[in-house]
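The lines below spell out each chain.
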Amino acid sequence: MSDIIQEFNDYRSKMNEKLLADNNKIVKRIFNLDTNAYAPGALDVKTKELLGLVASAVLRCDDCVKYHLETSHKEGVTKEEMMEAMGIATLVGGTIVIPHLRRAYEFWEALEESGN
(Lines give C-alpha, C1' and ligand atoms only; values in the text may rest on other atoms or scores of the structure.)
Protein backbone atom coordinates (compact mmCIF):
# COMPACT_ATOMS: atom_id res chain seq x y z
CA MET A 1 0.00 0.00 0.00
CA SER A 2 1.22 3.46 -0.87
CA ASP A 3 2.67 5.56 1.95
CA ILE A 4 0.09 8.30 1.35
CA ILE A 5 -2.75 5.79 1.79
CA GLN A 6 -1.16 3.97 4.74
CA GLU A 7 -0.39 7.21 6.59
CA PHE A 8 -3.94 8.45 6.14
CA ASN A 9 -5.51 5.18 7.28
CA ASP A 10 -3.16 4.74 10.25
CA TYR A 11 -3.77 8.27 11.51
CA ARG A 12 -7.52 8.06 10.96
CA SER A 13 -7.77 4.73 12.81
CA LYS A 14 -5.60 5.89 15.71
CA MET A 15 -7.53 9.12 16.24
CA ASN A 16 -10.95 7.51 15.77
CA GLU A 17 -10.07 4.99 18.48
CA LYS A 18 -9.05 7.82 20.82
CA LEU A 19 -12.17 9.84 20.07
CA LEU A 20 -14.51 6.89 20.61
CA ALA A 21 -12.66 5.80 23.77
CA ASP A 22 -13.42 9.22 25.25
CA ASN A 23 -17.02 7.98 25.50
CA ASN A 24 -18.71 11.19 24.37
CA LYS A 25 -22.31 10.36 23.53
CA ILE A 26 -22.65 13.07 20.87
CA VAL A 27 -19.45 12.06 19.05
CA LYS A 28 -20.45 8.39 19.14
CA ARG A 29 -23.89 9.19 17.72
CA ILE A 30 -22.40 11.30 14.93
CA PHE A 31 -19.99 8.50 14.00
CA ASN A 32 -22.88 6.01 14.01
CA LEU A 33 -25.08 8.29 11.93
CA ASP A 34 -22.26 8.75 9.42
CA THR A 35 -21.74 4.98 9.14
CA ASN A 36 -25.45 4.31 8.67
CA ALA A 37 -25.91 7.14 6.15
CA TYR A 38 -23.57 5.39 3.68
CA ALA A 39 -25.19 1.96 4.02
CA PRO A 40 -27.22 0.64 1.08
CA GLY A 41 -30.68 2.16 0.86
CA ALA A 42 -32.73 3.80 -1.87
CA LEU A 43 -29.32 4.81 -3.27
CA ASP A 44 -26.54 2.27 -3.64
CA VAL A 45 -23.27 2.66 -1.74
CA LYS A 46 -21.33 3.71 -4.85
CA THR A 47 -23.71 6.61 -5.49
CA LYS A 48 -23.67 7.67 -1.85
CA GLU A 49 -19.87 7.67 -1.79
CA LEU A 50 -19.74 9.86 -4.89
CA LEU A 51 -22.23 12.24 -3.28
CA GLY A 52 -20.05 12.30 -0.16
CA LEU A 53 -17.00 12.93 -2.33
CA VAL A 54 -18.61 15.92 -4.04
CA ALA A 55 -19.85 17.41 -0.76
CA SER A 56 -16.46 16.89 0.89
CA ALA A 57 -14.62 18.55 -1.99
CA VAL A 58 -16.99 21.53 -1.96
CA LEU A 59 -16.50 21.83 1.80
CA ARG A 60 -12.73 21.48 1.22
CA CYS A 61 -12.21 18.64 3.69
CA ASP A 62 -9.17 16.72 2.41
CA ASP A 63 -9.55 13.95 5.01
CA CYS A 64 -13.15 13.43 3.95
CA VAL A 65 -12.20 13.50 0.27
CA LYS A 66 -9.55 10.81 0.89
CA TYR A 67 -12.01 8.67 2.83
CA HIS A 68 -14.64 8.87 0.08
CA LEU A 69 -12.05 8.29 -2.64
CA GLU A 70 -10.82 5.12 -0.96
CA THR A 71 -14.33 3.79 -0.34
CA SER A 72 -15.42 4.74 -3.86
CA HIS A 73 -12.41 2.91 -5.27
CA LYS A 74 -13.33 -0.19 -3.23
CA GLU A 75 -16.91 0.09 -4.53
CA GLY A 76 -15.69 -0.06 -8.12
CA VAL A 77 -15.90 3.60 -9.08
CA THR A 78 -13.86 4.20 -12.23
CA LYS A 79 -11.41 7.04 -12.70
CA GLU A 80 -13.80 8.57 -15.23
CA GLU A 81 -16.68 8.49 -12.72
CA MET A 82 -14.50 9.96 -9.99
CA MET A 83 -13.26 12.74 -12.28
CA GLU A 84 -16.79 13.56 -13.41
CA ALA A 85 -17.88 13.83 -9.78
CA MET A 86 -14.85 15.97 -8.94
CA GLY A 87 -15.59 18.14 -11.98
CA ILE A 88 -19.06 18.79 -10.60
CA ALA A 89 -17.55 19.53 -7.19
CA THR A 90 -15.17 22.04 -8.75
CA LEU A 91 -18.00 23.66 -10.70
CA VAL A 92 -20.16 23.96 -7.58
CA GLY A 93 -17.34 24.94 -5.22
CA GLY A 94 -15.45 27.19 -7.61
CA THR A 95 -11.77 27.53 -8.31
CA ILE A 96 -10.94 27.40 -4.60
CA VAL A 97 -11.57 23.63 -4.87
CA ILE A 98 -8.74 23.16 -7.42
CA PRO A 99 -6.00 22.47 -4.81
CA HIS A 100 -8.27 19.79 -3.31
CA LEU A 101 -8.86 18.41 -6.80
CA ARG A 102 -5.09 18.08 -7.23
CA ARG A 103 -4.69 16.22 -3.94
CA ALA A 104 -7.69 14.02 -4.76
CA TYR A 105 -6.15 13.10 -8.10
CA GLU A 106 -2.84 12.27 -6.41
CA PHE A 107 -4.61 10.08 -3.83
CA TRP A 108 -6.62 8.32 -6.58
CA GLU A 109 -3.40 7.55 -8.45
CA ALA A 110 -2.00 6.01 -5.27
CA LEU A 111 -5.15 3.92 -4.90
CA GLU A 112 -4.84 2.69 -8.48
CA GLU A 113 -1.15 1.87 -8.00
CA SER A 114 -1.87 -0.02 -4.77
CA GLY A 115 -4.24 -2.38 -6.55
CA ASN A 116 -6.67 -2.38 -3.62
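Residues numbered from 1 in each chain as written. Predicted model: local features only at pLDDT ≥ 70, side-chain atom pairs only at ≥ 80, totals over all residues. Heavy atoms only, no water.

What follows is about the UniProt feature "domain: Carboxymuconolactone decarboxylase-like" (unreviewed entry) in the protein chain. According to UniProt, the positions carrying the feature "domain: Carboxymuconolactone decarboxylase-like" (unreviewed entry) are residues 27-104. Annotated as 77% helix and 0% strand, the span residues 27-104 places its first and last C-alpha atoms 27 Å apart. (UniProt positions renumbered as here; feature names shortened; annotations may be inferred. Helix = DSSP H or I, 4+ residues; strand = E, 2+ residues; numbered from the N terminus.)

Using the criterion set out here, one finds one aromatic pair in the structure. Aromatic side chains Phe8 and Phe107 sit 5.9 Å apart centroid to centroid with 80 degrees between the ring planes, which places their arrangement in the edge-to-face category. Residue Phe8 is located in helix α1 (residues 3-21), and its partner Phe107 is located in helix α6 (residues 98-114); the two are separated by 99 residues in the primary sequence. Phe107 shares its class with Phe8; the two are buried. (Phe/Tyr/Trp six-rings, centres within 6.5 Å; stacked < 30°, edge-to-face > 60°. Buried < 20%, exposed > 50% of the residue type's maximum accessible area, 1.4 Å probe, protein only.)

What follows is about a negative patch on the surface. Together, Glu80, Glu106, Glu109, Glu112 and Glu113 make up a region of like negative charge exposed at the surface. Among the elements that line the negative patch, the one with the most residues is α6, at four residues. With respect to the helices, strands and loops of the structure, Glu80 is situated in helix α5 (residues 79-93). A relative accessible area of 59% means that Glu80 is categorised as exposed. (Patch = residues over 30% accessible without salt bridge, like charges linked within 9 Å, V, L, I, M, F, W, Y side chains within 5 Å. Areas by Shrake-Rupley, 256 points an atom, 1.4 Å probe, with all protein chains shown as cover. Salt bridge = Lys/Arg side-chain N within 4 Å of Asp/Glu carboxyl O. Lys, Arg positive; Asp, Glu negative; His and termini not counted. Charge placed at Lys NZ, Arg CZ, Asp CG, Glu CD.)

The subject of this paragraph is the packing of α5 against α6. Where α5 contacts α6, the two axes come as close as 11 Å, and the packing angle between them is 170 degrees. Here α5 is positioned roughly antiparallel relative to α6, judged by the angle of their axes. The two elements α5 and α6 meet at a crossing, and its hand is right-handed. Here Lys79, Met82, Met83, Met86 and Thr90 of α5 come into contact with α6, specifically with Ile98, His100, Leu101, Ala104, Tyr105, Trp108 and Glu112. Grouping the constituent residues of the contact of α5 with α6 by class yields eight nonpolar, two polar and two charged. (Axes fitted to C-alpha atoms, helices over the stretch in contact; angles between N-to-C directions. Parallel < 35°, antiparallel > 145°, perpendicular 65-115°, else oblique. Left-handed = near helix turned anticlockwise from the far one by under 90°. Contact = heavy atoms within 4.5 Å. Nonpolar A, V, L, I, M, F, W, Y, C, P; charged D, E, K, R; others polar.)

Time to look at the environment of Ser56. Mapped onto the elements of the fold, Ser56 is located in helix α3 (residues 45-58). Along the chain, Ser56 and Lys66 lie ten residues apart, while their C-alpha atoms are 9.2 Å from each other. Once residues lying within four places of it in the same chain are set aside, the contact partners of Ser56 are Cys61, Cys64, Val65 and His68.

Attention now goes to α5. Here α5 spans 20 Å end to end across 15 residues, near enough to the 21 Å set by a 1.5 Å rise per residue. Along α5, the residues that are buried comprise Met82, Ala85, Met86, Ala89 and Thr90. Buried residues of α5 fall within an arc of 145 degrees about the axis and therefore sit on the same side. Opposite the buried face of α5, by more than 90 degrees, sit the exposed residues Glu80, Glu84, Leu91 and Val92. (Expected span 1.5 Å × (residues − 1). Arc of directions from axis to C-beta.)

Turning to the pattern of salt bridges, a few remarks are in order. Within the structure shown, the criterion is met by three salt bridges. The shortest N-O distance in the salt bridge between Lys46 and Glu81 comes to 3.1 Å. Highlighted residues: Lys46 in helix α3 and Glu81 in helix α5, separated in sequence by 35 residues. Judged by relative accessible area, Glu81 falls into the partly exposed class, the value being 29%. With a shortest N-O distance of 3.8 Å, Lys74 and Glu70 are connected by a salt bridge. With Lys74 and Glu70 both in helix α4 (residues 62-74) and four residues apart, this pair spans about one turn of that helix.

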